Amino acid sequence: MRWSNQAWTNIAPLYDHIIAMPFIQELKAGTLPLKKFQFYMQQDARYLEHFGRVLAYIGSKSTENDQAIQFFDFGKNALIVEKALHETYFKQFKVVDAHEDSAIQPICHHYIHFLKSTAAFEPIEVAVAAVLPCFWIYKEVGDYIVAKAQPNNPYQAWIDTYSGEDFAEGVKKAIAFADKMAENSTEDIRIQMWQAFEKASQLEYQFWDAAYHTIRWKE
Ligand SMILES: Cc1ncc(C[n+]2csc(CCO)c2C)c(N)n1
């Protein structure tokens, strides 16, 4: 069995919880209150600027040039998505871009720093496993929402960002890199990779949960 098959099997119950979350169900139905989506957009913009840098950092630590090019590209894309948030979606969804409103809140903060510390202190295989749920879970959730989309969903344009062919290709490549690295690694590293994959998947859940419940630092 490929490393990635086992990784997904490990998080399958968690993925079912993600699909059932009110944030995802209401996003799909188009009934998600705008305030919750605005909080999510603000946090996601902050997440993306750091995530892009983590991907570039993984690129710089890659011994294979093909892998380096690919991760630089992933990193660049994350920042392009961040730019699109500001230039298009922030305006469309009337997201306030004032400094005090865009402070990084606890879950986003933890996710960013989990990825940064994993990339800095753990073997590169583990860092690749840690960034993989970001690609893979969005692909699965995106496909799920698009398949069940309601007409006139106010969030449709944003939903479509994660359902294109180019995005699907990128996800396949990211999974293939993780599998190749796992194959050339030790059982101990493979276990650490599964653990990092699971932790990041939990953080994907928490990220949507935090947006739904507007979880902020205590004043
Ligand atoms: C919390 C959070 N997790 C994952 C994504 C999805 N995502 C962001 S950038 C990128 C690919 C970069 O090339 C993907 C798949 C998100 N937006 N926010």
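The sections below set out a description of the structure shown in this document. (Residues numbered from 1 in each chain as written. Predicted model: local features only at pLDDT ≥ 70, side-chain atom pairs only at ≥ 80, totals over all residues. Heavy atoms only, no water.)

**Notes on the site of the ligand**
Short version of the rule: When we say a residue is near a molecule or strand, we mean one of its heavy atoms is within 4 Å of it. Pairs of N or O atoms within 3.5 Å make up the polar contacts considered here, provided that, within protein, one atom can donate a hydrogen while the other can accept it, and that residues adjacent in sequence are counted only when both atoms are side-chain atoms. With residues, only the protein chains shown are counted as cover, and all accessible areas are computed by Shrake-Rupley using a 1.4 Å probe. Of the grid points, spaced at 1 Å and generated over the protein atoms alone, those admitting a 1.4 Å probe that cannot get out make up cavities, while open sets with protein on both sides within 12 Å along at least five of seven lines make up pockets; any residue with an atom within 4 Å of a point is treated as lining. Cavities and pockets are treated as containing a molecule whenever more than half of the molecule's atoms lie within 2 Å of their grid points. In DSSP terms, a helix is any run of H or I states spanning at least four residues, a strand is any run of E spanning at least two, and both are numbered starting from the N terminus. The nonpolar class holds Ala, Val, Leu, Ile, Met, Phe, Trp, Tyr, Cys and Pro. Asp, Glu, Lys and Arg form the charged class, and all remaining residues, Gly among them, are polar.
The environment of the ligand is made up of 14 residues, and the closest members are D44, F74, C134, Y162 and E204. One of the side-chain N or O atoms of D44 is found 2.6 Å from a nitrogen atom in the ligand. Between the ligand and the protein, one listed contact pairs an oxygen atom with a backbone N or O atom of F74 at 2.9 Å. Protein chains shield 98% of the accessible area of the ligand, which is 450 Å² for the free molecule. Judged by the proximity of its atoms to the pocket grid, the ligand belongs to the largest pocket. Secondary structure elements with two or more residues in the shell around the ligand: α3 (34–61), α4 (65–92), α6 (124–147) and α9 (187–212). Grouping the amino acids of the shell around the ligand by side-chain chemistry returns 11 nonpolar, 1 polar and 2 charged.

**Thoughts on empty space enclosed by the protein**
Filter applied, for reference: Grid points are joined across faces, edges and corners, and a volume is the space filled by probe spheres set on the points.
Scanning the entire structure with this criterion turns up 2 cavities of 30 Å³ or more. Volume-wise, the largest cavity comes out at about 80 Å³. In terms of lining, the largest cavity is formed by I24, L27, Y138, V141, G142, I145, W158, I159, Y162 and W208. When residues of the lining of the largest cavity are traced back to their parent elements, those giving at least two are α2 (22–29), α6 and α7 (156–160). It is α6 that contributes the most residues to the lining of the largest cavity, 4 residues altogether. When the residues that make up the lining of the largest cavity are grouped by side-chain class, the tally is 9 nonpolar, 1 polar and no charged. Taken as a whole, the second largest cavity holds about 60 Å³ of empty space. Lining the second largest cavity are F39, Y40, Q43, Q105, P106, I107, C108, F207, A210, A211 and I215.

**Side note on unusual backbone geometry**
Basically, it comes down to this: Under the scheme applied here, a residue whose accessible area is under 20% of the maximum for its type counts as buried, over 50% as exposed, and between as partly exposed, the area being computed with a 1.4 Å probe on protein chains only.
The backbone of K94 sits at a positive phi, close to 50°, despite the residue not being glycine. As for its placement among the helices and strands, K94 is situated in the loop between α4 and α5 (106–121). Given a relative accessible area of 64%, K94 falls into the exposed group.

**Details of the packing of α3 against α9**
The line we're drawing: To get an axis, a line is fitted to the C-alpha atoms, and for a helix only the part in contact is used. The angle between two axes follows their N-to-C directions and goes from 0 to 180 degrees. Under this scheme an angle from 65 to 115 degrees is roughly perpendicular, one under 35 degrees roughly parallel, and one over 145 degrees roughly antiparallel; angles in between are oblique. By convention, the crossing between two helices is left-handed when the near helix turns anticlockwise from the far helix through less than a right angle, and right-handed when the turn is clockwise. Contacts were defined at the residue level, with two residues in contact if any of their heavy atoms lie within 4.5 Å.
Contact geometry of α3 with α9 gives a least axis separation of 8 Å together with a crossing angle of 135°. With respect to their mutual orientation, α3 and α9 come out oblique. Both α3 and α9 take part in a crossing whose hand is right-handed. In this structure, α3 contributes K36, F39, Y40, Q43, D44 and Y47 to the contact, and α9 contributes E204, F207, W208, A210, A211 and Y212. The residue makeup of the contact of α3 with α9, split by class, is 8 nonpolar, 1 polar and 3 charged.

**Examining the layout of surface pockets**
Quantified by volume, the largest pocket comes out at close to 530 Å³. What lines the largest pocket is a set of 26 residues, and nearest its centre among them are N77, A78, V81, F135 and F167. When contributions to the lining of the largest pocket are tallied by element, the ones reaching two or more residues are α3, α4, α6, α8 (165–183) and α9. At 7 residues, the largest contribution of residues to the lining of the largest pocket is made by α4. Among the residues making up the lining of the largest pocket, the classes are represented as 16 nonpolar, 4 polar and 6 charged.

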